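One letter stands for each residue in the lines below.
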Amino acid sequence: MVKHLILGTAGHVDHGKTSLIRALTGRQTDRLKEEQKRGISIELGFTYFDLEKDLRVGIVDVPGHEKFIRNMVQGVSGMDLVMLVIAADEGIMPQTIEHLNILRMLGVEHGFVALTKTDLVDEEWIELVTSDIRDALKGTFLENSEIVRVSNKTLEGIDDIKNILRKHADSFEKEEKNDTPRLPIDRVFVISGFGTIVTGTLMDGKLSLQDEIEIYPERIKTKIRSIQVHQESQDVAYDSQRCALNIPGVKKEDIHRGSVISLPDALKNTNLIDVKIECIKDQERAIKNGSRVFLYIGTEEILARVVLLDRDVLNPGEEGYAQLILESETVCKRMDRFILRFYSPMSTIAGGVILETNPKKKKRFDEDAVEEFKINESGSDTDVLNNLIYTRQDDFLNKKEIAKLLSKSEDLVDKELNDLVNEGTIKVYELKNGLYPISLRYIQNVNEELIVHLNKYYEKYPLRRGIFKEEIKNRFFKKLNNNQKLYEYVLGLILDEASLELNGELVSIKGYAPSLSDEDKKSMDMVLNMIEEAKYDGITKEEIQEKIKINPEFLNEALQDLQASKSIYRLQDDYISYKAFLNAREELIKFLNNNQEISLAEFRDLISSNRKISLALLEDFDKANLTKRLGDKRVLKR
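Residues numbered from 1 in each chain as written. Predicted model: local features only at pLDDT ≥ 70, side-chain atom pairs only at ≥ 80, totals over all residues. Heavy atoms only, no water.

Another aspect to go through is the pattern of salt bridges. Overall, the coordinates contain 43 salt bridges when judged by the stated rule. For D135, the salt bridge goes to K138, with nearest N and O atoms at 3.7 Å. Residue D135 is classed as partly exposed on the basis of its relative accessible area, which comes to 43%. You can call K138 exposed: its relative accessible area is 55%. With its nearest N and O atoms 3.3 Å apart, the salt bridge here joins D310 to R311. Overall, D310 belongs to the partly exposed group, its relative accessible area being 26%. You can call R311 partly exposed: its relative accessible area is 23%. In this structure, a network of salt bridges that share partners links the residues E214, R219, D265, K400, K404 and E410. (Salt bridge = Lys/Arg side-chain N within 4 Å of Asp/Glu carboxyl O. Buried < 20%, exposed > 50% of the residue type's maximum accessible area, 1.4 Å probe, protein only.)

This is the structure in structure tokens:
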């Protein structure tokens, strides 16, 4: 299999980057008439050459002019190593330093220096410039890199550069990634007869011919009609390869440089991201809370506002946590690198790393928020996942939703979930619509909150045994109103904490019982006896009140307690005993097993009741999915 290496250029305008690439490859990367005329790169230039039969080097020629720094930032995305080009006749220049800062901020770790135009100066000057370069590179990733003397005219140094590339390719083994693929688009154009073509450097995974894809943030779905890698048709494009995709049914004006191609419904758009920012030390401008900046991420440029979380000002040379509020949506991934530039006047001021792509808005100077940032910055993948599950547990996200938030494949998330289950930090519950992870730390916290809530409840309602579990769902688990099965599972985990228990439909503190006086107990027994004696005629609260002259407030509490303990059953305004309810249900099932269907009148006669109670019971059986109404008949719901 052919190994692919992406070499990027960087350096000041007119220091010979494009000419050097032409000397290496025999190809011209300047592709616009304006570039050819002015002799500088404005747009990104791309080319390649085969260093060996099994080694293809793709080259990204980025602009050096200050006005085109945006394009330079976009070109760095996907580089394996960089060639910092410095002209011997001029030496280190302002854009050289800015490019070097950008490269460091974007996480480039490998590279070398090409000292061009050496045929224009003498040896003494070359040695002086080389010394200056060494001083400028101290403390950077290029500090100990090779400095190759190059002449584009005599071709001195060309073979040395090729040897460096060979050495780097031999020592640089890329692991095949099976994560969610992302292709940040750096060019969009149309070829007559083919349609829209997009190019970019593929990240994290692979894309295949005829794959269904989605373009973000526009959310346009299409498929891949054809793939080219370095002008050769391929069936598959892999991580780190520069490729061109032909995407049918998409207009050029509907997407833009900065859009990202991935799999359908695999990424989540965002306009708020958690970041760690490093303010460049060798510049004079500080970042104040609320500063408006340009954000460069992947191949995208977005206006953003900086919300500093742990300080009011980020001075040159300092690092800090922040949230970036974006003025338009994008997609990104944790640990993606970015650059920040002020727009008036334009200058590169900072870089950093993304820590969370779809966070909730955080309070400034909040210790818990800062701790969350630290986990996302330096924690393992499972630490980050565990923290996400815990902090977003109120949302009850399933595996697919979590994968989208993390911009990861579901397979990778599944593996990490299994690790967390084995560690004993989460439980998982599988439903038809997905796998739901539950943080056990969250369960313990809710258990403690419920105990506090129940103790206050008992103070207010001393006759009550507990709180209806549906009331607990509405108060603590609103997101589960339409997911009863998951709620029952979560409630079961909470009850497993050994401090709470379920009595009928009531959640109560284990061992708790209302403290009733002898007179209260006697009144409770009278209420229960009266309901039992009513049998299937039913009895209302007002009828009970009239017959035994009981305190209305006490009667309300007594009825709720008897209902919660499954001693009585409520049918709209009437009460019957719970034994009568169960008996009616049993008699109905027996009848329908033998007769297929039953009318209201037949059911009324079956249980010796009246029309009102019989109808109320049948309607409750319908709601419980025991029976189904067909016209004026009921049948068992199979």
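Back to the text.
The residue after Y216, namely P217, is reached through a cis peptide bond having omega 0°. Among the structural elements, P217 can be located in the loop between β10 (212-216) and β11 (220-223). Positive phi, normally seen in glycine, also occurs at R219, with a value near 60°. Within the element layout of this structure, R219 appears in the loop between β10 and β11. The phi torsion at F396 lies on the positive side, around 50°, for a residue other than glycine. Tracing the backbone shows F396 in the loop between α8 (381-391) and α9 (399-406). (Helix = DSSP H or I, 4+ residues; strand = E, 2+ residues; numbered from the N terminus.)

So yeah, pure geometry; function would need other evidence.
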